[in-house]
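Listed here are the chains, written in short residue letters.
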Amino acid sequence: MIKISIIEDIKDVAFSVQAMINSQSDMICDHIFHNAEEAMMFVPHQDTDIVIVDIGLPRASGIDAITTLKGKCPNVLFCMFTVYEDDEKIFRSLQAGANGYILKGASKDKILTSIRELAEGGSPMSPTIARRIIETFTEKKVQPTNNALPLTTREMELLQLLAKGMLYKEIGETLSITTGTVKQHIHKIYEKLQVTNKTEAINKLNVNGVAN
Amino acid sequence: MREEELIVVTAFTASLLLSALLIWFFISYQKRKNEYVNSQKDAQLREQELIIQNQLNLENERNRIASEMHDDLGSGLTVIKYLSDNIVSNTFDNTIKEDVNKIATYSTVLVKNMSEIIWAMNSRFDNVQGLISYLRRFSVEFLDDNNVSNTFKENDLNYDINISGEKRRNLFLVVKELLHNSVKYSKAKEINISITGQPDLEIVIIEKQSVGFDPLIMKEKGNGLFNIEKRMANIEGKISYKREDNDMIIKIFLHLEPEIKTNFKSE
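Residues numbered from 1 in each chain as written. Chains lettered and ligands numbered in written order. Predicted model: local features only at pLDDT ≥ 70, side-chain atom pairs only at ≥ 80, totals over all residues.

Engineer: What is the right way to look at the overall build of chain B in this model?
Structural biologist: The helix and strand tally for chain B stands at six helices and five strands. Reading chain B from its N end, one meets helices and strands in the order α-α-α-β-α-β-β-α-α-β-β. The principal-axis extent of the C-alpha atoms belonging to chain B is close to 130 × 50 × 30 Å. Evaluated residue by residue, chain B yields a buried proportion of 24% over its 267 residues. Sequence-distant contacts in chain B: of pairs separated by 6 or more residues, those separated by 24 or more amount to 71%. (Helix = DSSP H or I, 4+ residues; strand = E, 2+ residues; numbered from the N terminus. Buried ≥ 20, exposed ≤ 12 C-beta atoms within 10 Å, placed from the backbone. Contact = placed C-beta atoms within 7 Å.)

See below:
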């Protein structure tokens, strides 16, 4: 059973998604938060596998919530809930520790499939996000510390194909791997993006002597 | 002192003074010339800075509008979709279901259209790569969803060539309209798309085993082909249709300046 919590300020949307999840036999949602502050307080004390997070919330944003919660609950998966796919905010969420995203406009089936895929260790990625990640890893001017994980050749290859707009199916065919493997690679890339983000923060600290 | 000596000394002093005067004159002339050149350069620099600042302001403004549209309208339309879905799942009246489903569909289509406008407005995608990856993602997904087998090939593309938002949006909408028409009317079982660009862009769409259509008749029937021609004219591009055996071959041509733009940078 996949245990899910939702952080979404628009109640109608939150309850719709909850109903959608609870109509399934393999997942359950019994925690809804309408702002980031409540979620930051209560999520660490509850038994949850996945938290679905809206980005735009009344005070603190969904990205702030993830930044705080990721450290406190390392085993929880965070999934952004967003209107558009090619969004700077999605990229920042991924750097903060999000493991994937679901489009608000997607069909019910698509939303449920995405939740299951995430639980199984797969993540989605759009061409523009792929492009942003390539830049993040190749244009690094800071010297990586031991914490920084470089991308493998295979991961870089995969990102380049994604940046061209190729679908998972095509990438799988090109690299002779299954679509499932493609998704798992992306999941790992997201984790590295987060580590890189932390390393960058540490490096900045070392250079300036103080945190900015 | 003798008179001759006095004359020599005077002449010597006079010529010394004269040359000193000449040198001073020359130096101050040079100095003024330099000052003038420098001030000209400064003025030019200021002017260029102003132009760059204006472009930056324009870009920021475009991005601000995009992000506001993004946040407010996008999430508002999504709420309409979820509320509609709620009504559909709570009613047994089929007429209501049908109508409310239409509301949900329209709001989803509007979100998609808006995300296209935002993509066109975002200057980060003002290059060939920005266009091609968007085109590819759309075409393959759309044709897959409609069970049309397809290929999408790139030949000899220079990814960094600059292409404006207006051109990108028009080209994208032309291809979108063409593929919608293909799926609706041509009954083609396979559609192959190939793109060349060094730097002029040529997009070739081949509809295999197509029933085909006469563009002239179609123009009277619907807005689709009329819009395509209009969009191509707007960006000074060309489009041609040709039948070859059972296939329909559509060629789109757009001249691009070999100007590099690599501003696909993180903020």
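Engineer: Quick question: what am I supposed to make of the overall build of chain A here?
Structural biologist: Each helix and strand counted, chain A has nine helices and five strands in total. Helices and strands appear in chain A in the N-to-C order β-α-β-α-β-α-β-α-β-α-α-α-α-α. In chain A, which comprises 212 residues, the proportion classed as buried is 44%. When contacts within chain A are restricted to residue pairs at least 6 apart in sequence, those whose partners lie at least 24 apart make up 67%.

Engineer: Would you mind going over the domain arrangement of chain A with me for this structure?
Structural biologist: For an interface, size is often stated in terms of accessible area lost upon the parts coming together. Residue and element names in this part refer to chain A. Along its sequence, chain A is organised into domain 1 (2–119) and domain 2 (127–208). On a C-alpha basis, the centres of domain 1 and domain 2 stand 22 Å from each other. With eight residues of domain 1 at the contact, the number on the domain 2 side is nine residues. Ranked by the residues each element gives to the side of domain 1 that touches domain 2, the list is headed by helix α4 (residues 88–96), at four residues. Within the side of domain 1 that touches domain 2, the residues separate by chemical class into three nonpolar, three polar and two charged. (Domains from an automatic or database assignment. Nonpolar A, V, L, I, M, F, W, Y, C, P; charged D, E, K, R; others polar.)

Engineer: Sorry if this is basic, but what is going on with the pairing of strand β1 (residues 149–157) of chain B here?
Structural biologist: Regular strands place their side chains on alternate faces of the sheet. All names here are of chain B. Sheet topology note: the β1/strand β2 (residues 190–197) ladder contains eight bridges and is parallel. Note that in β2 the partner of Leu157 across the bridge is Gly197. For the crossover that starts at β1, traverses helix α4 (residues 165–186) and ends in the parallel β2, the hand is left-handed. (Pairing = 2+ DSSP bridges. Right-handed = clockwise from strand over helix to strand, strands pointing away.)

Engineer: What is the right way to read the interface of chain A and chain B from this model?
Structural biologist: With 20 residues of chain A at the contact, the number on the chain B side is 25 residues. For the side of chain A that touches chain B, the secondary structure elements donating two or more residues are α1 (11–22) and α6 (127–138) of chain A. Among the elements that take part in the side of chain A that touches chain B, α6(A) stands out by supplying five residues, more than any other. Here the residues of the side of chain A that touches chain B are counted per class, giving eight nonpolar, five polar and seven charged.

Engineer: I'm lost on helix α3 (residues 128–145) of chain B in this one. Help?
Structural biologist: Given 3.6 residues per turn, any residue in an α-helix points the same way as the ones three and four places further on. The first and last C-alpha atoms of α3(B) sit 26 Å apart over 18 residues, in line with the 26 Å expected at 1.5 Å per residue. Those residues of α3(B) not exposed but buried are Val128(B), Gln129(B), Gly130(B), Leu131(B), Ile132(B), Ser133(B), Tyr134(B), Leu135(B), Arg136(B), Arg137(B), Ser139(B) and Leu143(B). On its buried side, α3(B) packs onto α6 and α7 (153–163) of chain A together with α2 (94–121), β1, α4 and β2 of chain B. Count one or two residues on from α3(B) and you reach Asn147(B), which has phi positive near 55°. (Expected span 1.5 Å × (residues − 1).)

Engineer: What am I meant to see in the sheet that holds strand β4 (residues 77–82) of chain A here?
Structural biologist: Paired through backbone hydrogen bonds, the strands of a sheet run either parallel or antiparallel to each other. Residue and element names in this part refer to chain A. One open sheet accounts for five strands, arranged β2-β1-β3-β4-β5; its pairing is parallel. The strands lining the two open edges of the sheet, one partner per strand, are β2 (27–33) and β5 (100–103). Averaged over all adjacent pairs, the angle separating strand axes in this sheet is 25°, with direction ignored. Here five bridges tie strand β3 (residues 50–54) to β4, and the two strands are oriented parallel to one another. Bridging across to β4, Ile50 finds its partner in Leu77. (Axes fitted to C-alpha atoms, helices over the stretch in contact; angles between N-to-C directions.)

Engineer: Looking at this structure, I do not really get α4(A). What am I missing?
Structural biologist: Residues Ile90(A), Phe91(A), Ser93(A), Leu94(A), Gln95(A) and Ala96(A) constitute the buried set of α4(A). Count one or two residues on from α4(A) and you reach Gly97(A), which has phi positive near 125°.

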